[in-house]
Protein chains: 2
Amino acid sequence: MNDFVFHSPTEFIFGRGVEVQAGERIARCGGRRVLIVCGGGSARRSGLLDRVVKALDDAGLAHALLEGVRPNPTDDKVREGIRLGRAEGTDWLLAVGGGSVIDTAKAVAAGIRYAGDFWDFFDGSATVTEALPIGVVLTIPAAGSEGSGNSVITKTATCQKLSLRTPYVLRPKFALLNPELTLTLPAWQTACGITDMLAHIMERYFTNTPATVVTDHVSEGLMQAIVEEARRVTLNPQDYDARANLMWAGTLAHNGLCGTGCEEDWASHFMEHEVSAFYDVSHGAGLAVIFPAWLQWMAVHHATKVAQWAERVWGVSPAATPQATAEEGVRRFRAFLASIGMPLTLRELGIEHPDINRLADSLHRNKGEFVGNYVRLTRKDTEEIYRLAQ
Amino acid sequence: MNDFVFHSPTEFIFGRGVEVQAGERIARCGGRRVLIVCGGGSARRSGLLDRVVKALDDAGLAHALLEGVRPNPTDDKVREGIRLGRAEGTDWLLAVGGGSVIDTAKAVAAGIRYAGDFWDFFDGSATVTEALPIGVVLTIPAAGSEGSGNSVITKTATCQKLSLRTPYVLRPKFALLNPELTLTLPAWQTACGITDMLAHIMERYFTNTPATVVTDHVSEGLMQAIVEEARRVTLNPQDYDARANLMWAGTLAHNGLCGTGCEEDWASHFMEHEVSAFYDVSHGAGLAVIFPAWLQWMAVHHATKVAQWAERVWGVSPAATPQATAEEGVRRFRAFLASIGMPLTLRELGIEHPDINRLADSLHRNKGEFVGNYVRLTRKDTEEIYRLAQ
């Protein structure tokens, strides 16, 4: 078990109707002028935005609105938010949406207080030391950004999708988690979210760090819960309890708990970021294609932890070799992903002729000679994995 | 799944040698005059206290010392701490020890800022609204107080052992968790700690709230991890990784994670508090006697969740009835407790002739007509459970 720091100071307020607390909570923390960040219009259409605006009005808070954040959020919207926030004298951000909205709000929160270009934080040339406080009303359980200190933004001009990771400066002060808001999520978005949260756990779970017994068992339990509830919500999208469990699982999957004491991997995420940067696919769907390919490659080259995962999460009986056990686990994982409607190949994802050389080149240009830790993948390895995903 | 708020803002710094960070962390938070709280002398003998004092000196902090906190900590030591803290102008508390030390520090932290008697917070006649900030150097993984907002103190004059629960005002700002400090813990204290942390999970796990799928699986994983690592540490007390896993498990068992979305029970803890208040036994050992008796009673009267626990944590194959499955789980739990050296009856705990009427009378005087939630126990029920524990 490695040394670690775990600090998840976000207050999670979970249950029916909690979004109406947004105003009073910001006011209690001293906020006065709020920049609301939201997406493409569903919050407006559903009436959620009206309820949130009323909550801010009731608390006597001024507010401006940054609308139109899209999936795979881009640098131009962040710049627009920084300009707007500065013009409005914003002192708090309220993200109303899913991961793209929250990640945009985080980048704006850091950028407003920074004299240089906010992209410096993403390409590693500067470190975030201060940011405006952020609150969240979550509408899509998936990215886990409501409980993390991270943000992922794509720079359109260079097709770079990069992540910024901070220990706590960008963690939201509070997250209002109302599962009712997710009852109407389309099956596709629900399934993308489920895949993303499983991937967040697996990126941490596949580690060579010995004796991570507590973290392993907690992560395995969480993965089992997600698989159970995914099956339930696929049968009945209106199942409040299944929605609630998935929402809470998505937060725990990415607030750092599942990585305590482990060297983490993240190769599959980085490989997927290239796919969604070049082909603008949904991140979760991209993971449904890349992660099984990564696991299939690992079953051959380093089966140990994949076999443990196969046994404990997928109920595989130990086979003659760890490789065979691992491969059966990957088979069941793929069957599960198919059952919730996820694509399993780049072709099914709509990418008929992926430019694999370009993906691998860009990956190693952004991330260096080696990617991941469970196996430190060379360009040859990542190219093989991209080909397995075709 | 019930609505809930989960807020665990404590920063956990985990690993070898982390106790030397105490001074710089308090200084960074603006502390100037620290009251160190510690126990019966082992921190002094081991050299830990010297290292902590040096860390405070190096950070330029003034410090006073409240020594001699004992297991089942009492109100007199809290009053001594409040007097000392006020005389010294204390603005931070640093608990160096286990649950008794941390609970005493919390009571002092709340009491210093309160004009009335601190016991008002424990008997429910006043609510804690402010307290001095607290840091922790943990030496015994057991109580989970390093990550909770709770404190348990015994009032000697009235033999009342009562708990104070706050959502976050008494949560430590940071907890320094160095597993090396636990390598020399005697087998008895290690086993008491293991029992206590299992009990903290079980008090939340045994619930009638439906569909607590995430919380159930996370709790089951954590219990499995504790049992595995308990076996390992019993074989080799010097096993750093086993000590580390137990330390982290003890924190997660009680920071609120395992209760998210559940109505909690706590009958066994309240029943044990009466035993340790009257007979001054170790809390963990008292739980090793009371909790199996409670489970045995539940196997007959409300087996549902006990049977699930038997299957998922203890690997019991489903028997003809939930009661039979549950009873096999209880049998394995008792065998586990015996294997780590815990007593299983009040007699083995050294109480030859327990005054069960007095225990049950006091329990219901302190806690009301009904105790617990999984089954709301009457005085007749709790008396039966005490008799099962004889």
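It should be noted that the structure appears before, not after, this text.
Residues numbered from 1 in each chain as written. Chains lettered and ligands numbered in written order. Predicted model: local features only at pLDDT ≥ 70, side-chain atom pairs only at ≥ 80, totals over all residues. Heavy atoms only, no water.

Next up on the list: the overall build of chain A. Helix and strand counts for chain A stand at 15 helices and 8 strands. A globule of 390 residues ought to have a C-alpha radius of gyration of about 21 Å, and chain A, at 20 Å, matches this closely. Taking the principal axes of the C-alpha coordinates as reference, chain A spans close to 65 × 45 × 45 Å. Of the accessible surface of chain A, which amounts to about 13,700 Å², a share of 50% is contributed by carbon and sulfur atoms. A gap of 2 Å separates the mean positions of the 38 positive and 45 negative side-chain charges of chain A. (Helix = DSSP H or I, 4+ residues; strand = E, 2+ residues; numbered from the N terminus. Rg over C-alpha atoms; globule rule 2.2 N^0.38 Å. Areas by Shrake-Rupley, 256 points an atom, 1.4 Å probe, with all protein chains shown as cover. Lys, Arg positive; Asp, Glu negative; His and termini not counted. Charge placed at Lys NZ, Arg CZ, Asp CG, Glu CD.)

This paragraph deals with the packing of helix H4 (residues 75-88) of chain A against helix H5 (residues 99-112) of chain A. Residue and element names in this part refer to chain A. Contact pair H4 / H5: the axes reach a minimum separation of 9 Å and the direction vectors enclose 50°. By the angle between their axes, H4 is oblique relative to H5. Classified by chirality, the crossing of H5 by H4 is right-handed. Taken together, the residues of H5 that come into contact with H4 (itself represented by Lys77, Val78, Gly81, Ile82, Gly85 and Arg86) are Thr104, Ala107, Val108, Gly111 and Ile112. Taken together, the residues of the contact of H4 with H5 sort by class into 5 nonpolar, 4 polar and 2 charged. (Axes fitted to C-alpha atoms, helices over the stretch in contact; angles between N-to-C directions. Parallel < 35°, antiparallel > 145°, perpendicular 65-115°, else oblique. Left-handed = near helix turned anticlockwise from the far one by under 90°. Contact = heavy atoms within 4.5 Å. Nonpolar A, V, L, I, M, F, W, Y, C, P; charged D, E, K, R; others polar.)

Here we take up the interface of chain A and chain B. On the chain B side, the residues contacting the 37 residues of chain A number 37 residues. In this assembly, chain A packs against chain B so that about 3,400 Å² is buried in total across both faces, 60% of it on carbon and sulfur atoms. Considering only the side of chain A, the residues that lose the most area to chain B are Met1, Val214 and Trp248 of chain A, jointly responsible for 18% of the buried surface there. Inspection of the region where chain A meets chain B yields 2 salt bridges. Where Arg16 of chain A meets Asp3 of chain B, a salt bridge forms, and the shortest distance between an N and an O atom there is 3.5 Å. When its residues are assigned to classes, the side of chain A that touches chain B shows 20 nonpolar, 10 polar and 7 charged. Note: strand E1 (residues 4-14) of chain A against strand E1 (residues 4-14) of chain B, 7 bridges, orientation antiparallel. Within E1 of chain B, the position partnered with Phe14 of chain A by the bridge is Phe4 of chain B. (Buried area = accessible area lost by both parts, 1.4 Å probe. Salt bridge = Lys/Arg side-chain N within 4 Å of Asp/Glu carboxyl O. Pairing = 2+ DSSP bridges.)

Our focus in this paragraph is the pattern of salt bridges. Throughout the structure, instances matching the rule amount to 42 salt bridges over all chains. A salt bridge links Glu383 of chain B to Arg379 of chain B; the shortest N-O distance between them is 2.7 Å. Of this pair, Glu383 of chain B and Arg379 of chain B both sit in helix H15 (residues 379-388), separated by 4 residues, roughly a single helical turn. The partly exposed category is assigned to Arg379 of chain B, whose relative accessible area is 26%. Linked by salt bridges that have partners in common, Asp361, Arg379, Glu383 and Arg387 of chain A make up one network. (Buried < 20%, exposed > 50% of the residue type's maximum accessible area, 1.4 Å probe, protein only.)

Turning chain A through 180° and shifting it by 0.0 Å along the axis lays it on chain B, with an RMSD of 0.0 Å. Between the two chains, the operation in question is that of a two-fold axis. Minimal C-alpha distance to the rotation axis in chain A is attained by Pro9 of chain A, lying at 1.9 Å. The overlap is high: 100% of the interface residues of chain A also sit at the interface in chain B, so the same surface is used on both sides. (Least-squares fit on C-alpha atoms with pLDDT ≥ 70 in both.)

Residues and elements named next belong to chain B. Positive phi is not limited to glycine here, since Cys159 has a value of about 55°. Relative to the helices and strands, Cys159 is located in the loop between strand E6 (150-155) and strand E7 (160-165). For Cys159, a relative accessible area of 23% translates into the label partly exposed. Of note, the phi angle at Trp266 is positive, near 75°, even though the residue is not glycine. If you trace the backbone, Trp266 turns up in the loop between helix H9 (240-252) and helix H10 (267-279). Using a relative accessible area of 6% as the deciding quantity, one classes Trp266 as buried.

Another point: the sheet that holds E1 of chain A. Whether parallel or antiparallel, the strands of a sheet pair through hydrogen bonds between backbone atoms. Taken in spatial order, the 12 strands line up as E3(A)-E2(A)-E4(A)-E5(A)-E8(A)-E1(A)-E1(B)-E8(B)-E5(B)-E4(B)-E2(B)-E3(B) in an open sheet, and their pairing is mixed. Edge positions in the sheet fall to strand E3 (62-66) of chain A together with strand E3 (62-66) of chain B, since each has one partner strand and no second. Put simply, the sheet's adjacent strands are angled 25° from each other on average, direction ignored. On top of the sheet, helix H9 (residues 240-252) of chain A reaches E1, strand E5 (134-138) and strand E8 (174-177) of chain A together with E1 of chain B; it is set at about 150° to E1 of chain A, its chief contact.

What follows covers helix H11 (residues 283-301) of chain B. Since one α-helical turn is 3.6 residues long, residues separated by three or four positions face the same way. The first and last C-alpha atoms of H11 of chain B sit 26 Å apart over 19 residues, in line with the 27 Å expected at 1.5 Å per residue. Burial within H11 of chain B is extensive, with 16 of its 19 residues counted as buried. (Expected span 1.5 Å × (residues − 1).)

A word on the side chain of Ser362 of chain B. Residue placement: Ser362 of chain B occurs in helix H14 (residues 356-367). Setting aside its immediate chain neighbours within four residues, Ser362 of chain B contacts Glu274 and Phe278 of chain B.

Moving on, we get to the environment of Gln160 of chain B. Residues and elements named next belong to chain B. Positionally, Gln160 belongs in strand E7. Look at Gln160 and you get partly exposed, because its relative accessible area is 22%. Sequence-wise, Gln160 and Asn366 are 206 residues apart; in three dimensions their C-alpha atoms are separated by 7.9 Å. Looking at Gln160, its side chain comes within polar contact range of the side chain of Asn366, at 3.1 Å. (Polar contact = N/O pair within 3.5 Å; in protein donor to acceptor, adjacent residues only side chain to side chain.)

This part covers the nonpolar core. Most often, soluble globular proteins keep nonpolar side chains buried together rather than apart. Membership of the largest hydrophobic core comes to 238 residues, with the highest contact counts inside it found for Trp309 of chain A together with Trp309 of chain B. Leaving out residues up to four positions away in the same chain, Trp309 of chain A has contacts with Met202, Tyr205, Phe206, Met223, Leu295, Trp314, Gly329, Val330 and Phe333 of chain A. (Core = buried A, V, L, I, M, F, W, Y, C linked by side-chain atoms within 4.5 Å.)

Here we take up the packing of aromatic side chains. The full count for this structure, using the stated rule, is 40 aromatic pairs over all chains. Ring geometry for Phe12 of chain A against Trp248 of chain A: centres 5.6 Å apart, planes inclined by 70°, an arrangement best described as edge-to-face. Of this pair, Phe12 of chain A sits in strand E1 while Trp248 of chain A sits in helix H9; the two residues are 236 residues apart in sequence, bridging distant segments of the chain. One exposure class covers both Phe12 of chain A and Trp248 of chain A, and it is buried. Ring-pair connections join several aromatic residues into one group, and the members of that group are Tyr205, Phe206, Phe291, Trp294, Trp309, Trp314, Phe333, Phe336 and Tyr374 of chain A. Across the ring face of Tyr240 of chain B, the terminal group of Arg16 of chain B is positioned such that the distance to the ring centre comes to 3.8 Å. Geometry around Trp266 of chain B places Arg165 of chain B over its ring, the cationic atom sitting 4.5 Å from the centre. (Phe/Tyr/Trp six-rings, centres within 6.5 Å; stacked < 30°, edge-to-face > 60°. Lys NZ or Arg CZ within 6 Å of the ring centre and 35° of its normal.)

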